[in-house]
Amino acid sequence: MTDQTVQIGKYKVQVLRDLCIGATSCIAFSPAVFQLDGENKAVIQEGGQDTPENILLAAQACPTKAIVVTDAETGEQVWPK
Ligand code: SF4
């Protein structure tokens, strides 16, 4: 599976599968958006919505920085810095 990039509200969110270790921290912060797949890697739920704050917290909680958050309007990478 290739890395998934999904726009959720004002952010584009990408999960770098090679970095994901299935720690589930992202799911704790944003279960509507993140789930584990059969390989214990985080995937972004189709149609999943959450606040920008929760999405950013989920990304910041990831111990391996596997979640990349980009401002969809400006293209600026918001996380990881
Ligand atoms: S917190 Fe990071 S390592 Fe853990 S499941 Fe989410 S993306 Fe994967």
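Structure: above.
Now for a quick tour of the structure. (Residues numbered from 1 in each chain as written. Predicted model: local features only at pLDDT ≥ 70, side-chain atom pairs only at ≥ 80, totals over all residues. Heavy atoms only, no water.)

## Thoughts on the overall build of the chain
For step 1, the next point in the chain: From N to C terminus, the chain includes 2 helices and 6 strands.
For step 2, the next point in the chain: Its helices and strands taken in sequence order, the chain reads β-β-α-β-β-α-β-β from the N to the C terminus.
For step 3, the next point in the chain: Relative to the compact-globule value of 12 Å for 81 residues, the chain shows a C-alpha radius of gyration of 11 Å, a close match.
For step 4, the next point in the chain: Overall, the C-alpha framework of the chain stretches about 35 × 25 × 20 Å when taken along its three principal axes.
For step 5, the next point in the chain: Put simply, the chain has 81 residues, and 37% of those count as buried.
For step 6, the next point in the chain: In the chain, the proportion of contacts linking residues at least 24 apart, taken out of those at least 6 apart, comes to 47%.
For step 7, the next point in the chain: A total of about 4600 Å² of accessible surface is found on the chain, and carbon and sulfur atoms cover 49% of it.
For step 8, the next point in the chain: Measuring between centres, the 6 positive side-chain charges of the chain sit 5 Å from its 10 negative side-chain charges. (Helix = DSSP H or I, 4+ residues; strand = E, 2+ residues; numbered from the N terminus. Rg over C-alpha atoms; globule rule 2.2 N^0.38 Å. Buried < 20%, exposed > 50% of the residue type's maximum accessible area, 1.4 Å probe, protein only. Contact = heavy atoms within 4.5 Å. Areas by Shrake-Rupley, 256 points an atom, 1.4 Å probe, with all protein chains shown as cover. Lys, Arg positive; Asp, Glu negative; His and termini not counted. Charge placed at Lys NZ, Arg CZ, Asp CG, Glu CD.)

## Topic: the site of the ligand
For step 1, the next point in the chain: The environment of the ligand is made up of 14 residues, and the closest members are Cys20, Ala23, Thr24, Cys26 and Cys62.
For step 2, the next point in the chain: Per-class residue counts for the shell around the ligand are 10 nonpolar, 4 polar and no charged. (Near = heavy atom within 4 Å. Nonpolar A, V, L, I, M, F, W, Y, C, P; charged D, E, K, R; others polar.)

## A few points about the pairing of strand β2 (residues 11-15)
For step 1, the next point in the chain: Side chains Tyr11, Val13 and Val15 project from β2 onto a buried face, and the interleaved Lys12 and Gln14 project onto a face without burial.
For step 2, the next point in the chain: Pairing between strand β1 (residues 4-8) and β2: 5 bridges, direction antiparallel. When the sheet's bridge partners are listed, Thr5 is paired in β2 with Gln14.
For step 3, the next point in the chain: Hairpin connection of β1 to β2: 2 residues between the antiparallel strands, including Gly9 at a positive phi of 60°.
For step 4, the next point in the chain: Strand direction decides the pairing type here: β2 and strand β5 (residues 67-71), joined by 5 bridges, are antiparallel. (Pairing = 2+ DSSP bridges.)

## Observations concerning the nonpolar core
For step 1, the next point in the chain: Counting residues in each nonpolar core, the largest one holds 21 residues, and the members touching the most others are Tyr11, Val13, Cys26, Phe34, Ile44, Ile67 and Val69.
For step 2, the next point in the chain: Here this core takes 4 residues from helix α2 (residues 52-61), the largest share from any one element.
For step 3, the next point in the chain: Excluding residues within four positions of it along the chain, Cys26 makes contact with Phe34, Ala42, Ala58 and Ile67. (Core = buried A, V, L, I, M, F, W, Y, C linked by side-chain atoms within 4.5 Å.)

## Concerning the sheet that holds β1
For step 1, the next point in the chain: Strand order in the open sheet made by the 4 strands is β1-β2-β5-β6, with antiparallel pairing throughout. The sheet is open, and its two edges are formed by β1 and β6 (77-79), each paired on a single side. Direction aside, neighbouring strands of the sheet carry axes that sit 30° apart on average.
For step 2, the next point in the chain: Each of β1, β2, β5 and β6 is contacted by α2, which is oriented at about 145° to β5, the strand it contacts most. (Axes fitted to C-alpha atoms, helices over the stretch in contact; angles between N-to-C directions.)

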